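Breakdown of the fold
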Amino acid sequence: MSIEVSGLTKRFGDFVALDDVNVSLPTGQLTALLGPSGGGKSTLLRIIAGLDTADAGTVTIEGTDATRLPPQKRNVGFVFQHYAVFKHMTVAKNVAFGLEIRKRPKAETARRVEELLELVHLSQFSHRLPAQLSGGQRQRMALARALAVEPTVLLLDEPFGALDAKVRKELRDWLRRLHDEVHVTTVFVTHDQEEALEVADEIVVINEGRVEQVGTPDQLYDEPANDFVMGFLGEVTTLEGQVLRPHDIEVATHPVPGGVQGRVERVLRIGFEVRVVVAVADRPDVTVVLTRTHSRSMHLEAGAAVWLTPAEGAISVASGRQREAASA
């Protein structure tokens, strides 16, 4: 394993940011630390980087106990959400900064900067100042600067959080391709479920300072350890005590065996999806997600009587335990 975190605990006064965290982050993988704001993911990343210290526990990087090593001796690259660039330096100078303070030969530095700017598709902007770049370009420059010193581990703290949705999508696609080229062990913090599911090889779900589950995107989505993981990785609704995903509920306009009867309260189209809110007697409303075509074929509208059942093979979580929902 590239990074081993053992028994990590961190408090800020009475607030417990990390509570006996144990996690192994594999070499060469792209790992996401996913969780709600204040859950402890950024604190964990900063402790791995050496920017914060833990009250208890150890951090091992590539077999070396790094718990008490200063950041500059951990051989990690760190990219902040807001770039942290040198505004008075050109793009090339920003990328070269880490190499220059390490007294690398000028020819080697120039060659490395040229390679990295080509890698992040910024060669044509090498003489520009950061203010002359877009937000996405500045973030790519920050990544190039972090990679310049050939770190063992690349750490990214919500790297796309300050960007708009379209640019975020473009950059996370680019980050995945970049990682496949350079193969440096990468850990990034995000509270964006779609970002983690789309980009990461492995996801560590963190909540209230504790690790809830570790696994591949498919494992976490299809085999959630508890209702928190299931709810955080996608929309959920409740049907007869089962926590289900809205797209895993079948809708019928006639009575079906085992079906729960309800009445359509609202039909809302969002792009290609249609969200149907169904009122069920003495229970919370149930949300069902259908395709537009499916919804149209059923002629669903407010006031219609419907019967709901879990879809065959649907996964539900009840009382923190995962179980396969019974099909109708």
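Above this note sits the structure.
A few points on the structure. As the structure is a prediction and not an experimental result, all values here were calculated from the model.

1. Overview of the packing of aromatic side chains
Evaluated as defined, the whole model comprises two aromatic pairs. Considering the side-chain rings of Phe 86 and Phe 97, the 4.6 Å spacing of their centres and the 45 degrees angle between planes classify their relative orientation as tilted. Linking Phe 86 in the loop between β6 (76-79) and α2 (91-101) with Phe 97 in helix α2, this pair joins segments that are 11 residues apart in sequence. Phe 97 gets classed as partly exposed once you look at its relative accessible area, which sits at 28%. Here the basic side chain of Arg 245 rests over the ring of Tyr 221, its NZ or CZ set 4.0 Å away from the ring centre.

2. Focus on helix α4 (residues 135-148)
Across its 14 residues, α4 extends 20 Å between first and last C-alpha, which sits within 8% of the 20 Å expected from 1.5 Å per residue. Where burial is concerned, most of α4 is hidden: 13 out of the 14 residues are buried. Where α4 terminates, the next one or two residues include Glu 150, which has phi positive at roughly 50 degrees.

3. Thoughts on the packing of α2 against α4
Here α2 crosses α4 at 25 degrees, and the two axes come no closer than 7 Å. Put simply, α2 runs roughly parallel to α4. Crossing handedness for the pair α2 and α4: right-handed. Here α2 contributes Val 91, Asn 94, Val 95 and Leu 99 to the contact with α4, which in turn contributes Met 141, Ala 144, Arg 145 and Ala 148. Here the contact of α2 with α4 is composed, by residue class, of six nonpolar, one polar and one charged.

4. Section: the sheet that holds strand β16 (residues 286-291)
Pairing is antiparallel in the open sheet, where five strands are placed in the order β13-β17-β14-β15-β16. Only two strands of the sheet have a single partner each, and these edge strands are β13 (249-252) and β16. This sheet shows a mean twist of 45 degrees between the axes of neighbouring strands, independent of strand direction. Here strand β15 (residues 273-279) runs beside β16; their pairing, made up of six bridges, is antiparallel. By the bridge assignment for β16, Arg 275 is matched with Val 289.

5. Some thoughts on the pairing of strand β7 (residues 153-157)
Summarising burial for β7: five of the five residues are buried, a large majority. Burial of the side chains of β7 extends over both faces: Val 153, Leu 155 and Asp 157 are buried on one face and Leu 154 and Leu 156 on the other. Inspection of the sheet shows β6 paired to β7 by four bridges, in the parallel sense. Across the sheet, Val 76 pairs through a bridge with Val 153, a residue of β7. Relative to strand β8 (residues 185-190), β7 is paired through five bridges, and the arrangement is parallel. The residue of β8 that forms the bridge with Val 153 is Thr 185.

6. Here we look at helix α3 (residues 106-119)
With 14 residues, α3 ought to run about 20 Å at 1.5 Å a step, and its terminal C-alpha atoms sit 20 Å apart, in line with that. Residues of α3 that are buried: Thr 109, Arg 112, Val 113, Leu 116 and Leu 117. Seen from one end, α3 has its buried residues packed into an arc of 130 degrees, which puts them on one side. Turned more than 90 degrees away from the buried face of α3 sit Ala 107, Glu 114 and Glu 118, all of them exposed. The secondary structure elements touched by the buried residues of α3 are α2 and α4. Once α3 ends, the next one or two residues include His 121, with phi positive near 60 degrees.

7. Considering the sheet that holds strand β2 (residues 15-25)
Reading across from one edge, β2-β1-β4-β5 is the order of the four strands in this open sheet, with antiparallel pairing throughout. Looking at strand neighbours, the two that pair on one side only are β2 and β5 (64-65), the edges of this open sheet. By the bridge criterion, seven bridges tie strand β1 (residues 3-12) to β2 in an arrangement that is antiparallel. When the sheet's bridge partners are listed, Glu 4 is paired in β2 with Ser 24. Across the sheet, helix α1 (residues 41-49) touches β1, β2 and β4 (56-61), and the angle it forms with β1 is around 120 degrees.

Calculation criteria
- Residues numbered from 1 in each chain as written.
- Predicted model: local features only at pLDDT ≥ 70, side-chain atom pairs only at ≥ 80, totals over all residues.
- Heavy atoms only, no water.
- Phe/Tyr/Trp six-rings, centres within 6.5 Å; stacked < 30°, edge-to-face > 60°.
- Helix = DSSP H or I, 4+ residues; strand = E, 2+ residues; numbered from the N terminus.
- Buried < 20%, exposed > 50% of the residue type's maximum accessible area, 1.4 Å probe, protein only.
- Lys NZ or Arg CZ within 6 Å of the ring centre and 35° of its normal.
- Expected span 1.5 Å × (residues − 1).
- Axes fitted to C-alpha atoms, helices over the stretch in contact; angles between N-to-C directions.
- Parallel < 35°, antiparallel > 145°, perpendicular 65-115°, else oblique.
- Left-handed = near helix turned anticlockwise from the far one by under 90°.
- Contact = heavy atoms within 4.5 Å.
- Nonpolar A, V, L, I, M, F, W, Y, C, P; charged D, E, K, R; others polar.
- Pairing = 2+ DSSP bridges.
- Arc of directions from axis to C-beta.

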